[in-house]
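Structure assessment
Given next are the chains, with one letter for each unit.
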Amino acid sequence: NDIKKGDFSLHHGFFSSLQLINPTIRRYVKVANIIALQLRIIKDTRQLLSGVRNAGQFTPAELAHCAGVINHLLQDCLDVIEELMAVISGFDMTDDERLRRIDAIYSDMQDKYAFASSFSEEMGLLTVQRMREQHEVDLSRKLNGLR
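An account of the accompanying structure is given in this report. The structure presented is a predicted model; accordingly, all values stated were derived computationally and were not measured. (Residues numbered from 1 in each chain as written. Predicted model: local features only at pLDDT ≥ 70, side-chain atom pairs only at ≥ 80, totals over all residues. Heavy atoms only, no water.)

Per the counting criterion, the structure on display carries one aromatic pair. For the pair Phe115 and Phe119, a centre-to-centre distance of 5.9 Å together with 15° between the ring planes defines the contact as stacked. Here Phe115 pairs with Phe119, and both are found in helix H5 (residues 95-143), just four residues apart, close to one helical turn. (Phe/Tyr/Trp six-rings, centres within 6.5 Å; stacked < 30°, edge-to-face > 60°. Helix = DSSP H or I, 4+ residues; strand = E, 2+ residues; numbered from the N terminus.)

So, about helix H4 (residues 60-89). Residues separated by three or four positions in an α-helix point in the same direction, a consequence of the helix having 3.6 residues per turn. Taking 1.5 Å per residue as the helical rise, H4 with its 30 residues ought to reach 44 Å, and the 43 Å between its terminal C-alpha atoms agrees with that figure. Of the residues making up H4, those classed as buried are Cys66, Ala67, Val69, Ile70, Leu73, Cys77, Val80, Ile81, Leu84, Val87 and Ile88. (Expected span 1.5 Å × (residues − 1). Buried < 20%, exposed > 50% of the residue type's maximum accessible area, 1.4 Å probe, protein only.)

Here we take up the nonpolar core. If you look at the biggest cluster of nonpolar residues, it comprises 19 residues, and the most contacted ones within it are Ile34, Ile41, Leu84, Ile102, Ile105 and Met109. Elements with a minimum of two residues in this core: helix H3 (29-55), H4 and H5. Top contributing element to this core by residue count: H4, with seven residues. Ignoring sequence-local partners within four residues, the contact set of Met109 consists of Ile34, Leu37, Gln38, Ile41, Cys77, Val80 and Ile81. Counting ten residues, the second largest nonpolar core, distinct from the first, contains Phe58, Val69, Ile70 and Phe119. (Core = buried A, V, L, I, M, F, W, Y, C linked by side-chain atoms within 4.5 Å. Contact = heavy atoms within 4.5 Å.)

Now for the side chain of Lys112. With respect to the helices and strands, the residue Lys112 is situated in helix H5. Lys112 sits in the buried class, given a relative accessible area of 13%. Excluding residues that lie within four positions of it along the chain, Lys112 makes contacts with Ile41, Leu73, Asp76, Cys77 and Val80.

Limitation: the analysis is restricted to geometry and does not speak to function.
Structure representation (structure tokens):
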């Protein structure tokens, strides 16, 4: 009977400790960095979409595609944040498991930020290229008296 009570106490202590998340986990620098990356992605993609729309160099279908890519990225970021919140507030992990999971989430968010940066850069270059081409066409028309 004493052995059973001792075994139960050990298991109860282990599961109780899982419910008490170490405050250090909550303040883990990568948690803040994950959130900061998401905020930068939101800011950068808003600026991108606004800039692309204002440039007037893209068709409605191209704008819709760009918006779709951005919306998909933002939904993925939201899913990552929800997963982060589950890891931080969940009760079924040890601190080591939480840290490993947070590290994986951080890596995933870094990948999303790299994609957002690359996509923004490519769209910016495409916008500039189209603006130059339009300028050259306009100049050619003017020089040839076609306007």
